[in-house]
Amino acid sequence: MTCLSDQKRRGFTLIELLVVIAIIAILIALLLPAVQQAREAARRSQCKNNLKQIGLALHNYHDVANVFPPGGITLGNCCGTRSGTNWAIAILPYLDQGPLYTRYDPDKFNEDAANSFVRIQRVPVYECPTDINIGRVERPESGPGRGLDYRHGSYRCMGGKTNGRGWWDGRQYSALPRDWKGVFHTLDGRLPGPESFSTIIDGSSNTLAVGEYHTKTRSRRGTFWAYTYTSYNSSDAVSQPRALIADYNRCVSIGGTGGSNACKRGWGSLHVGGIQFLRCDGSAKFLNVNLDTNVFTSLATVAGGETVGDF
């Protein structure tokens, strides 16, 4: 016969329940960082695959046109002139985005109403999963498109190397040496036409093509894939560590040569420790944010003649 006292002992005491809950909490605390790391590794891998797809599209474009697309086309002064196509628009047909490309009117400015549909579309391959601004439609902070809606992107083309006193996204590059230009500088009718593999004298594996720019702050200074105006889908390489910070406001507060322009045309990623870049040979490389900035600027040019070792 089972006594009543034995039946009562079958349940858990309050202390036992608290111990079990504490053990579960500890296990969750131990597992959560591992889960987060696994998720970030997956996001980083997807981001890298996006760059490789972009690289393949750029190569396919080159196969057809015998040149790379321009970083952008702006035929007037930097700040008051509406713009034409850019690298991200030009390669849409090679990214399985042919129907979207047919909606783009190359005879109109990007800021014209005829191209409003294209400006706000999401193109998944232009979105890094780690970027907190993906999916958002906002109005850029400056330029002829500042009153218009644009879709955020995560990647910018490499315009070239700079000393902080001139930039490769408009007519300011007249102050810079020609051997400082990158593969995707803006075209304004003065420099020779778009670059090609034959003009990448430094070697395609030593020349950066496209990289990430995300920002924690001031999202309207972020990346907009269809906005050709100055730096919104194009950046330059300046030899300042602050220009590799994924935080626009922090970059500005640090200060340096070029003022806020070095931050507007900066690079940055919310991945831990580095930024992913596409090289002109189609490979993707994770660059440590502590990389020697002189090495970084050397990788920005197509014909700078610099010697760059393993990086």
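Preceding block: the structure.
These notes cover the structure that comes with them. (Residues numbered from 1 in each chain as written. Predicted model: local features only at pLDDT ≥ 70, side-chain atom pairs only at ≥ 80, totals over all residues. Heavy atoms only, no water.)

### Concerning the side chain of Lys 264
Alright, step 1. Looking at the secondary structure, you find Lys 264 in helix 7 (residues 261–264).
Alright, step 2. For the buried Lys 264, no salt bridge is present, and the opposite-charge side chain at shortest range is Glu 141, 7.0 Å distant.
Alright, step 3. Not counting residues within four places of it along the chain, the set of residues in contact with Lys 264 comprises Arg 156, Arg 221, Ser 231, Ser 235 and Tyr 248. (Helix = DSSP H or I, 4+ residues; strand = E, 2+ residues; numbered from the N terminus. Buried < 20%, exposed > 50% of the residue type's maximum accessible area, 1.4 Å probe, protein only. Lys, Arg positive; Asp, Glu negative; His and termini not counted. Salt bridge = Lys/Arg side-chain N within 4 Å of Asp/Glu carboxyl O. Contact = heavy atoms within 4.5 Å.)

### Side note on unusual backbone geometry
Glycine aside, negative phi is the norm for most residues, and most peptide bonds take the trans geometry.
Alright, step 1. Its identity is not glycine, yet Asn 66 carries a phi of approximately 70°, on the positive side.
Alright, step 2. Looking at Asn 66, the relative accessible area reads 55%, which means it is exposed.
Alright, step 3. You will see that Arg 218, though not glycine, has its phi angle at about 55°, which is positive.
Alright, step 4. Along the chain, Arg 218 turns up in the loop between strand 6 (208–212) and strand 7 (234–238).

### Comments concerning the state of the cysteines
Alright, step 1. Summed over all chains, the structure comprises one disulfide.
Alright, step 2. Across the disulfide, Cys 251 is cross-linked to Cys 263 (sulfur-sulfur distance 2.1 Å). Every disulfide takes its handedness from the sign of the S-S torsion; for Cys 251 and Cys 263 that torsion is -85°, giving left-handed. Here Cys 263 lies in helix 7 and Cys 251 lies in helix 6 (residues 248–254), a separation of 12 residues in the sequence. (Disulfide = S-S within 2.5 Å.)

### Considering the pairing of strand 9 (residues 284–288)
Alright, step 1. Pairing of strand 8 (residues 274–279) with strand 9, which is carried by five bridges, proceeds in the antiparallel orientation. By the bridge assignment for strand 9, Gly 274 is matched with Asn 288.
Alright, step 2. The antiparallel pairing of strand 8 with strand 9 creates a hairpin that spans four residues between the two strands, and Gly 282 there sits at a positive phi of about 95°. (Pairing = 2+ DSSP bridges.)

### A word on the environment of Asn 60
Alright, step 1. With respect to the secondary-structure elements, Asn 60 resides in helix 2 (residues 14–65).
Alright, step 2. Accessibility expressed as a relative area gives 29% for Asn 60, which makes it partly exposed.
Alright, step 3. When the C-alpha atoms of Asn 60 and Pro 93 are compared, they prove to be 9.8 Å apart, with 33 residues separating the residues in sequence.

### Details of the nonpolar core
Alright, step 1. Membership of the largest hydrophobic core comes to 39 residues, with the highest contact counts inside it found for Ile 54, Trp 87, Ile 91, Tyr 126, Val 210 and Trp 225.
Alright, step 2. Secondary-structure elements contributing two or more residues to this core are helix 2, helix 3 (87–90), strand 4 (155–162) and strand 6.
Alright, step 3. The leading source of residues in this core is helix 2, at six residues.
Alright, step 4. With residues up to four places along the chain from it excluded, the contact list for Ile 54 reads Trp 87, Ile 91, Leu 95, Val 125, Tyr 126, Tyr 155, Val 210 and Leu 278.
Alright, step 5. Ala 237, Trp 267, Ile 275 and Leu 299 belong to the second-largest nonpolar core, a separate cluster that totals 12 residues. (Core = buried A, V, L, I, M, F, W, Y, C linked by side-chain atoms within 4.5 Å.)

### Overview of the pattern of salt bridges
Alright, step 1. One pass over the structure, following the stated rule, counts seven salt bridges.
Alright, step 2. With its nearest N and O atoms 2.5 Å apart, the salt bridge here joins Arg 265 to Asp 169. Taken together, the positions of Arg 265 in the loop between helix 7 and strand 8 and Asp 169 in the loop between strand 4 and strand 5 (186–187) put the pair 96 residues apart, joining distant regions of the chain.
Alright, step 3. Each of Glu 141, Arg 218 and Arg 221 takes part in a single network of salt bridges with overlapping partners.

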